Amino acid sequence: MERYWNKEIETMSREDMKKLQDERLVAQVKHVYENVEYYRNLMDEKGVKPEDIKSTEDLHKLPFLTKADLRDAYPYGLLAKPLSECVRIQSTSGTTGRRVVAFYTQHDIDLWEDCCARAITAVGGTNEDVCQVCYGYGLFTGGPGLNGGSHKVGCLTLPMSSGNTERQIQFMRDLGSTILCCTPSYASYIGETLHDMGYTTDDIKLKAGIFGAEPWTEEMRKSIEKSLGIKAYDIYGLTETSGPGVSFECSEQTGMHINEDHFIPEIINPETGEVLPDGEVGELVFTSITKEAFPLLRYRTRDLCVLSRKKCSCGRTLIKMSKPMGRSDDMLIIRGVNVFPSQIETVLIEQGYAPNYLIEVDRVNHSDTLDISVEMNPEQSEDGLKENEKSLAEAVKKMLGISPRVHLVQPKSITRSEGKAVRVIDRRKLHD
Ligand code: ADP
Ligand code: ZN
């Protein structure tokens, strides 16, 4: 039977949810206009007054916020509460090079941890569970967010942070961890290490994993589920909106329910800013309607995905977002073709390789080059190397329409990730 952390909210009727969002949005816009000079200026420039926002239908009238705004306003420019009322800061992991600092009041921490508690409950977590959190702790939101959620649910929480993988497995075995929280790339590494240490899934008690903070494919999901003997669930979030738990997967495993009572999602055309109807792919935009200290309105995430209101078998009525297919700025344009690293990952795993790979793009004599290094499987011999590289290159070409150079490299020669994996090196940027 499906369990909920907050049944009333998670299964609320569309009309009631809209009413709640309308009320919260109106109050939030007022709060931001009065307290955040930076955003007030943006609204004034656009000629929008708080009174113009009467319901979610008026959301499109508000100006967007982008990562560039966050940089301009760093560190305090978007703060909406006195620092004396703030109790925490967290910061982005800096994947895209520009750090963002987010502020939290105690209320903000509570609502964030509550969102994470919903995610843990949705994968079957209760106070009987042992929850091993191997997201990084510290400024990164992964560890603190899931840690807080796990406490709320009442799980026995193991605040492991990332790294020291053999010790992770020792604790997992000794203390009977049942839920694992980390990045999917680290989960994959933990699975590999488990088997390298001579154990099988019978030696651990894990039943579920909550993996997010980076894009991962369905093929990667299957690979992790097999190596750890679990169900692997996705979780999404970003520092700007609090951290993980903005959306979470349920038993159906077909996308993540967005905690709409706190975050109103929109999908826009990233080029024009025009709002797109549900079902179309575009850039995800969030409006935080309950956060006090750092309440971003219409924040452009740059993550590309699709929203769906299709009825979910878990009973939740919260809107669902698809797995982000990557950030709009993750997309590589190689010889004029749009390429997402996730497409390459799909092919590699489909062809029977483990998700240990590196994509390198460069420009030689005015022409783009694409090199994919992937580890041989341990049972593969060097004999058929060239043929195997060729057939993999053909499979990639079939998917992308462009030919890569594929290099099968020794097992374990590609650096494993304990946090967010770095899978792409684009050297063209260095030449620019
Ligand atoms: P940074 O921008 O430095 O990576 P964050 O740690 O706040 O900072 O990362 C948030 C970003 O991580 C999101 O905007 C998204 O691109 C990515 N992300 C988070 N969760 C997922 C997920 N489940 N699937 C794909 N991407 C994710
Ligand atoms: Zn569901």
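Before reading further, recall that the structure is shown in the block above.
What you are looking at is a predicted structure, and each value in this text was computed from that prediction instead of being measured. (Residues numbered from 1 in each chain as written. Chains lettered and ligands numbered in written order. Predicted model: local features only at pLDDT ≥ 70, side-chain atom pairs only at ≥ 80, totals over all residues. Heavy atoms only, no water.)

A.B. asks: I'd like a description of the coordination of the zinc ion (ligand 2), backed by residues and values.
C.D. replies: Geometry reference: four tetrahedral donors at a metal, ideal angle 109.5 degrees. Six octahedral donors, ideal angles 90 or 180 degrees. For the zinc ion (ligand 2), the protein coordination sphere consists of Cys250 (SG), His257 (NE2), Cys312 (SG) and Cys314 (SG), at 2.1 to 2.3 Å. Seen from the zinc ion (ligand 2), its 4 donor atoms lie at angles of 102 to 112°, and the figure they make is tetrahedral. (Donors = N, O, S within 2.8 Å, 3.2 Å for Na, K, Ca; no water. Tetrahedral: all angles 85-135°; square planar, octahedral: opposite > 155°, others 65-115°.)

A.B. asks: Now, about the packing of aromatic side chains: what can you tell me, with residues and values included?
C.D. replies: In total, this model carries 8 aromatic pairs according to the counting rule given. Arranged with centres 5.8 Å apart and planes meeting at 40°, the rings of Tyr76 and Phe103 form a pair that is tilted. In this pair, Tyr76 sits in the loop between α4 (67-72) and β1 (86-91) while Phe103 sits in strand β2 (residues 101-105), placing the two residues 27 residues apart along the sequence. Consider the rings of Phe263 and Phe286, whose centres lie 6.3 Å apart with planes at 75°: the pair is edge-to-face. Taken together, the residues span a long stretch of sequence, with Phe263 in strand β10 (residues 263-268) and Phe286 in strand β11 (residues 282-288) at a distance of 23 residues. Chaining the aromatic ring pairs together yields one cluster made of Tyr76, Phe103 and Phe294. Here the guanidinium or amino end of Arg173 rests over the ring plane of Tyr199, the centre of that ring lying 4.0 Å away. (Phe/Tyr/Trp six-rings, centres within 6.5 Å; stacked < 30°, edge-to-face > 60°. Helix = DSSP H or I, 4+ residues; strand = E, 2+ residues; numbered from the N terminus. Lys NZ or Arg CZ within 6 Å of the ring centre and 35° of its normal.)

A.B. asks: How would you summarise the packing of helix α5 (residues 106-122) against helix α6 (residues 142-153) if you had to cite specific residues and measurements?
C.D. replies: The interhelical angle for the contact between α5 and α6, taken along N-to-C directions, is 70°, at an axis separation of 7 Å. Between α5 and α6, the angle is such that the two are roughly perpendicular. Where α5 approaches α6, its residues Asp110, Trp112, Glu113, Asp114, Cys116, Ala117, Ile120 and Thr121 are matched on the opposing element by Pro144, Gly145, Leu146, Gly148, Gly149, Ser150, Lys152 and Val153. Its residues assigned to classes, the contact of α5 with α6 comprises 7 nonpolar, 5 polar and 4 charged. (Axes fitted to C-alpha atoms, helices over the stretch in contact; angles between N-to-C directions. Parallel < 35°, antiparallel > 145°, perpendicular 65-115°, else oblique. Contact = heavy atoms within 4.5 Å. Nonpolar A, V, L, I, M, F, W, Y, C, P; charged D, E, K, R; others polar.)

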